[in-house]
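Residue-level listing of the chains:
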Amino acid sequence: MTEETTAETRVRVKVTRTFVRVPLLLGTILLLAAIGVTLLGDDLSFLPFLLMLIGGWCFGFAFVNATMEMVPARNGAILHVGVAVVLGAMVAFVIEFGGDLLDPLPETVRGIAVVLQMAAIPATGWIWLGLIGRVTDLFARRDAKKRPPPVTPQWEREESGDGSIVRFPAVEVRTRVLTRAIVVIVAVGGLFAVVLMIALDDIVMRMGPRIVIILMGVVVGLPLYLVFTAILRRRTLQCTVAFGNDHLRVRVGSAMHTIPFRDLELLRWRTRSDYARIEVRGAGADLSLITGIAKPPRGFSAELPPLPRRVYRRFELAGLSLEKSRRDEVITFRR
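Residues numbered from 1 in each chain as written. Predicted model: local features only at pLDDT ≥ 70, side-chain atom pairs only at ≥ 80, totals over all residues. Heavy atoms only, no water.

A look at the overall build of the chain
Here is the rule: The way it works is that DSSP assigns letters per residue, a run of H or I at least four long becomes a helix, a run of E at least two long becomes a strand, and they are numbered from the N terminus. Partly exposed describes any residue whose relative accessible area lies between the buried limit of under 20% and the exposed limit of over 50%, with all areas from a 1.4 Å probe on protein chains only and scaled to the type maximum. By definition in these notes, contact holds between two residues if any of their heavy atoms fall within 4.5 Å. The method behind every accessible area is Shrake-Rupley, applied with a 1.4 Å probe, and residues are considered shielded solely by the protein chains displayed.
Of the regular secondary structure elements, the chain holds 8 helices and 10 strands. Taken across its 335 residues, the chain has 38% of its residues classed as buried. Relative to all contacts within the chain whose residues are 6 or more apart in sequence, the contacts with residues 24 or more apart total 66%. For the chain, the exposed surface amounts to about 19300 Å²; the carbon and sulfur share of it is 64%.

Put into structure tokens, the structure is as follows:
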């Protein structure tokens, strides 16, 4: 029990560091740089504007991930809703009345306030996108009660009879590549939105800032997201994972990788979420197959089944240590 608790703590600390602390640190550095550049007189040129957008997004990204990790999940949802509503109201108020409130203040204070105001827009937008995702997931669960839910791929006995095999579609891509791609999309989308607003300056001035922000999300943000998702899904491959008595076989498309348990260095198995995946490293193989973003066959979910119980014992005998997440969605074996 103590070993499992320690392993869970390590996983929680790693997740928090990667998806909460690192974005917070990066966002702080970017906003401080934006404030410095702005105070030096480079007011709202491309560089500080880009720093504000990415820095603000980092804070929104960290907050959404932090609420997703909260236990119980209800507390995270309540905090998410509260902060989204408050930030949305604050952004709308500042856009409408911020100029009049800032005019009497010293120039330095106005510069800092402008940076924070601009950074709050992508942060609030990302927080609201996360909230929309929560609501969509809630309705999806309600709809699932009215119709047969998608079936998770299941383990089957191999024809040779010496192990279990599961078949699933997946995209071969690393999670850090996805994170970098999201950062690039935010940067490119922000740049394109700025160019678009400059080109349509007269129309933008007549519509007002709130409508412009909404339209930029629909016209720029949503298409970029849909294109990115479509590109990833086009890379979907049919994959299989088979556990024999003393080896692991992973097929990715037409490529087959056979890894003896004694040579396995890492196996990470996540059953659910958009990041449902298998990561394998050892015997010259280094694979990351994400099923959560692949297009599943009709009637099947984009998930992975839990590992067979016999695998735990086989890995233990092979000298691999077990790590579990708090919700048992992520199982990691490491040498």
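Re the layout of surface pockets
To keep it simple, the criterion reads: Here a cavity is any set of points on a 1 Å grid over the protein atoms alone where a 1.4 Å probe fits but cannot get out, and a pocket is any open set with protein on both sides within 12 Å along at least 5 of 7 lines; a residue lines the site when it has an atom within 4 Å of a point. Grid points are joined across faces, edges and corners, and a volume is the space filled by probe spheres set on the points. The residue classification treats Ala, Val, Leu, Ile, Met, Phe, Trp, Tyr, Cys and Pro as nonpolar and Asp, Glu, Lys and Arg as charged. All others, Gly included, are polar.
In this structure, the second largest pocket encloses a volume near 410 Å³. Considering the residues around the second largest pocket, the lining is formed by 20 residues, among which Leu87, Met90, Leu116, Gln117 and Ala120 are closest to the centre. Residue assignment for the lining of the second largest pocket shows that the elements contributing at least two residues are α2 (46-69), α3 (73-102) and α4 (107-146). Here the lining of the second largest pocket is composed, by residue class, of 15 nonpolar, 5 polar and no charged.

Points about the pairing of strand β8 (residues 285-290)
Our working definition: Strand pairing is assigned whenever DSSP detects at least two bridges linking the two strands.
Among the 6 residues that make up β8, 5 are buried, leaving the element largely enclosed by the rest of the structure. With 6 bridges joining them, strand β7 (residues 277-282) and β8 adopt antiparallel strand pairing. Considered in β8, the bridge of Val280 is made with Leu287. Where β7 folds back on β8, the antiparallel hairpin that results is connected by 2 residues, among which Ala283 adopts a positive phi of roughly 55°.

Re the packing of aromatic side chains
Short version of the rule: Put simply, two rings from Phe, Tyr or Trp (the six-membered ring, in Trp's case) pair if the centres are within 6.5 Å, and we call them stacked under 30 degrees between planes, edge-to-face over 60, tilted for the rest. Only Lys NZ and Arg CZ are tested; either one counts as a charge over a ring when it is within 6 Å of the ring centre and within 35 degrees of the ring normal.
Throughout the structure, instances matching the rule amount to 10 aromatic pairs. Consider the rings of Phe61 and Trp126, whose centres lie 6.2 Å apart with planes at 50°: the pair is tilted. Here Phe61 is found in helix α2, whereas its partner Trp126 is found in helix α4, with 65 residues between them in sequence. Residue Trp126 is classed as partly exposed on the basis of its relative accessible area, which comes to 24%. Aromatic side chains Phe261 and Phe315 sit 5.0 Å apart centroid to centroid with 85° between the ring planes, which places their arrangement in the edge-to-face category. Residue Phe261 is found in the loop between β5 (255-260) and β6 (264-270), and its partner Phe315 is found in helix α8 (residues 309-317); the two are separated by 54 residues along the sequence. With respect to class, Phe261 is no different from Phe315; both count as buried. Three or more aromatic residues joined by ring pairs make a cluster, and in this case those are Trp155, Phe243, Phe261, Trp269, Tyr312, Phe315 and Phe333. Sitting above the plane of the Tyr312 ring, Arg309 keeps its charged end 4.2 Å from the centroid.

Looking at the nonpolar core
For clarity, the threshold we go by: Within this scheme, the nonpolar core is defined by two criteria: the residues are buried Ala, Val, Leu, Ile, Met, Phe, Trp, Tyr or Cys, and they are joined through side-chain atoms within 4.5 Å.
Val241, Phe243, Leu248, Leu267, Trp269, Ile278 and Phe315 are the most contacted members of the largest nonpolar core, which totals 28 residues. For this core, the elements supplying multiple residues, two or more each, are β2 (164-172), β3 (237-243), β4 (247-252), β6, β7, β8, α8 and β10 (330-334). When neighbours within four sequence positions are excluded, Ile278 is seen to be in contact with Phe168, Val241, Leu267, Arg268, Trp269, Leu287, Ser288, Leu289 and Leu304. Leu31, Ala34, Leu51 and Val115 belong to the second-largest nonpolar core, a separate cluster that totals 19 residues.

A short note on the pattern of salt bridges
As a working rule, side chains carrying opposite charge can pair if their charged atoms are close by. To keep it simple, the criterion reads: Put simply, a salt bridge is a Lys or Arg side-chain nitrogen that is within 4 Å of an Asp or Glu carboxyl oxygen.
Inspection of the entire model under this criterion finds 7 salt bridges. Of the charged contacts in the structure, one is a salt bridge between Arg167 and Glu156, with a shortest N-O distance of 2.8 Å. With Arg167 in strand β2 and Glu156 in strand β1 (residues 156-157), this pair connects stretches of sequence that are 11 residues apart. For Glu156, a relative accessible area of 41% gives the class partly exposed. For Glu279, the salt bridge goes to Arg268, with nearest N and O atoms at 2.9 Å. With a gap of 11 residues between them, Glu279 in strand β7 and Arg268 in strand β6 connect regions that are remote in the sequence. By relative accessible area, which is 13% here, Glu279 ends up buried. Three or more residues are tied together by salt bridges with common partners; here these are Arg268, Arg277 and Glu279.

Remarks on the confidence of the model for the chain
Predicted coordinates in regions of low pLDDT should not be interpreted in detail. Selection rule: Scored from 0 to 100, pLDDT records how confident the predictor is in each individual residue.
Mean pLDDT over the chain: 80, with 81% of residues reaching 70 or higher. Across the chain, element-level confidence peaks in β3 with a mean pLDDT of 91 and bottoms out in helix α6 (residues 201-207) with 59.

A word on α2
Let me state the cut-off plainly: Expected helix span is computed as 1.5 Å times (number of residues minus one).
With 24 residues, α2 ought to run about 34 Å at 1.5 Å a step, and its terminal C-alpha atoms sit 35 Å apart, in line with that. Burial runs high along α2: 18 of the 24 residues are buried.

Regarding the side chain of Thr332
The line we're drawing: For the purposes of these results, a polar contact is taken to be a pair of N or O atoms within 3.5 Å, where, inside protein, one atom must be able to donate a hydrogen and its partner to accept one; residues adjacent in sequence count only when each atom of the pair is a side-chain atom.
Summarising the element assignment, Thr332 is placed in strand β10. The class of Thr332 is buried, set by a relative accessible area of 2%. A distance of 3.3 Å separates a polar atom in the side chain of Thr332 from a polar atom in the side chain of Arg268.

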